[in-house]
Amino acid sequence: MYQNIVILTGAGISAESGIPVFRSETGLWEQERVEDVATYDGFLRDKTKVHEFYNKMRRSLLDKKPNPAHLALARLEKEYSKKYGANVNLVTQNIDDLHEKAGSQKIIHMHGKLKSILCEHCNKRYPFDEDSSVESECKFCHHKSLRPDIVWFGEMPYQMDEIETLLSKCDLFLSIGTSGVVYPAAGFCQVARASGAACIEFNLSQSAVGSQFNCGIYGKASKTLPEFVSTLIDTGKLPDNVKL
Ligand code: NAD
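From a predicted model like this one, the values you see are computed outputs, not experimental measurements.

What to know about the packing of aromatic side chains
Overall, the coordinates contain 10 aromatic pairs when judged by the stated rule. Note on Tyr 54 and Trp 152: the rings are 6.2 Å apart at their centroids and 45° apart in plane angle, and the pair reads as tilted. Note that Tyr 54 is positioned in helix H4 (residues 47-60) and Trp 152 in the loop between strand E6 (146-150) and helix H7 (160-169), a separation of 98 residues in sequence. By relative accessible area, which is 1% here, Tyr 54 ends up buried. For Trp 152, a relative accessible area of 2% translates into the label buried.

Structure follows, in structure tokens:
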């Protein structure tokens with residue numbers, strides 16, 4: 001039985017809910033250059049464009065629903081931890097709100113959240129559900145210094161100390177729907193393995209860091225994950241077909 005489970009999710013888990021992954025031909029990201037909308041320099045060059053880009057993404061969350069993979073992880077947190085007295089922690093690179101909608105509670109959004117805003121003047125971050133612009137005022141200091149609460153390329157992801165601590169204690173590490181090319185998340189498997197954890201990746205096919213895992217389960221996460229989670233909850237063990 002596993003006592004400390006850490007789960008890392010990436011854009012792939014939300015793909016089946018209709019949110020495009022980072023590197024897809026139809027993705028929203030593909031219509032803009034990453035340097036323009038996902039770096040601080042891009043923000044300085046054209047703040048209005050960047051606000052509008054994230055406003056559009058935030059609005060697009062309204063009709064998005066969690067899929068069976070998100071629901072399975074919420075079940076794992078609730079039922080596995082209750083049955084076995086275990087710690088189940090979710091670290092997501094996603095900026096959407098589908099884990100919250102699915103009912104997960106212990107979530108670290110290491111790359112920030114669309115439904116949050118950050119004030120560059122007073123450094124406060126707070127829940128935010130509207131459109132932002134260069135004219136929007138911080139609700140705390142009233143400066144017009146708001147930016148999307150997103151960790152852009154070149155910026156430090158949130159809660160890294162906490163994540164490192166969780167990884168250093170974990171005995172099972174699951175990585176779901178992430179390409180393994182964005183660091184530091186792509187290095188989490190190595191940290192977890194150094195702690196002795198069993199590491200399993202779920203993806204459509206082997207990711208860029210797939211060879212570092214003990215085992216890979218390939219196929220759509222909405223199909224592979226619910227079955228895996230049910231066995232883990234029922235038996236406290238990995239399914240028989242998962243060979244470490
Ligand atoms: P990525 O787009 O680089 O890779 C997605 C991965 O998911 C790929 O390896 C792909 O094979 C896999 N995948 C696609 N559909 C899948 C499915 N149905 N089941 C299982 N796997 C599937 O995403 P990334 O590695 O998370 O890195 C992109 C960065 O961009 C993230 O850090 C995130 O901040 C941001 N982003 C977030 C969202 C979101 O919040 N939903 C969407 C796009 C990008």
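Points about helix H5 (residues 68-84)
An α-helical turn contains 3.6 residues, so a residue and the one three or four places further along point in the same direction. Taking 1.5 Å as the rise per residue, H5 with 17 residues should run 24 Å; its terminal C-alpha atoms sit 23 Å apart, in good agreement. When we look at burial in H5, the residues that qualify are Ala 69, His 70, Ala 72, Leu 73, Ala 74, Leu 76, Glu 77, Tyr 80, Ser 81 and Tyr 84. Residues of H5 that are buried make contact with strand E1 (4-9), helix H1 (11-15), strand E2 (87-92), helix H6 (98-102), strand E7 (172-176) and helix H9 (221-235). Its side-chain oxygen 2.8 Å from the backbone nitrogen of Ala 69, Asn 67 forms the N-cap of H5. Phi turns positive one or two residues past the end of H5, at Gly 85, with a value near 60°.

Regarding the sheet that holds E6
Taken in spatial order, the three strands line up as E5-E4-E6 in an open sheet, and their pairing is antiparallel. Lying at the two open borders of the sheet, with one neighbouring strand each, are strand E5 (125-127) and E6. Across the sheet, the axes of successive neighbouring strands diverge by a mean angle of 40°, strand direction being ignored. Strand direction decides the pairing type here: strand E4 (residues 112-119) and E6, joined by four bridges, are antiparallel. Residue pairing for E6: Cys 119 is matched across the bridge by Leu 146.

Details of unusual backbone geometry
The linkage connecting Tyr 183 with the following residue, Pro 184, adopts the cis geometry, with an omega of 10°. Mapped onto the elements of the fold, Pro 184 is located in the loop between E7 and helix H8 (188-194). Its identity is not glycine, yet Asn 123 carries a phi of approximately 70°, on the positive side. Residue placement: Asn 123 occurs in the loop between E4 and E5.

Examining the nonpolar core
In terms of nonpolar packing, the biggest core is built from 30 residues, with Tyr 80, Ile 200 and Phe 228 touching the most fellow members. Listing elements by their share of this core, those giving two or more residues are E1, H5, E2, E7, strand E8 (198-203), strand E9 (215-218) and H9. In contact with Ile 200, other than residues within four places in its own chain, are Leu 172, Phe 173, Leu 174, Ser 175, Phe 213, Cys 215, Ile 217, Phe 228, Leu 238, Val 242 and Leu 244.

Conventions we followed
- Residues numbered from 1 in each chain as written.
- Predicted model: local features only at pLDDT ≥ 70, side-chain atom pairs only at ≥ 80, totals over all residues.
- Heavy atoms only, no water.
- Phe/Tyr/Trp six-rings, centres within 6.5 Å; stacked < 30°, edge-to-face > 60°.
- Helix = DSSP H or I, 4+ residues; strand = E, 2+ residues; numbered from the N terminus.
- Buried < 20%, exposed > 50% of the residue type's maximum accessible area, 1.4 Å probe, protein only.
- Expected span 1.5 Å × (residues − 1).
- Contact = heavy atoms within 4.5 Å.
- Polar contact = N/O pair within 3.5 Å; in protein donor to acceptor, adjacent residues only side chain to side chain.
- Pairing = 2+ DSSP bridges.
- Axes fitted to C-alpha atoms, helices over the stretch in contact; angles between N-to-C directions.
- Core = buried A, V, L, I, M, F, W, Y, C linked by side-chain atoms within 4.5 Å.

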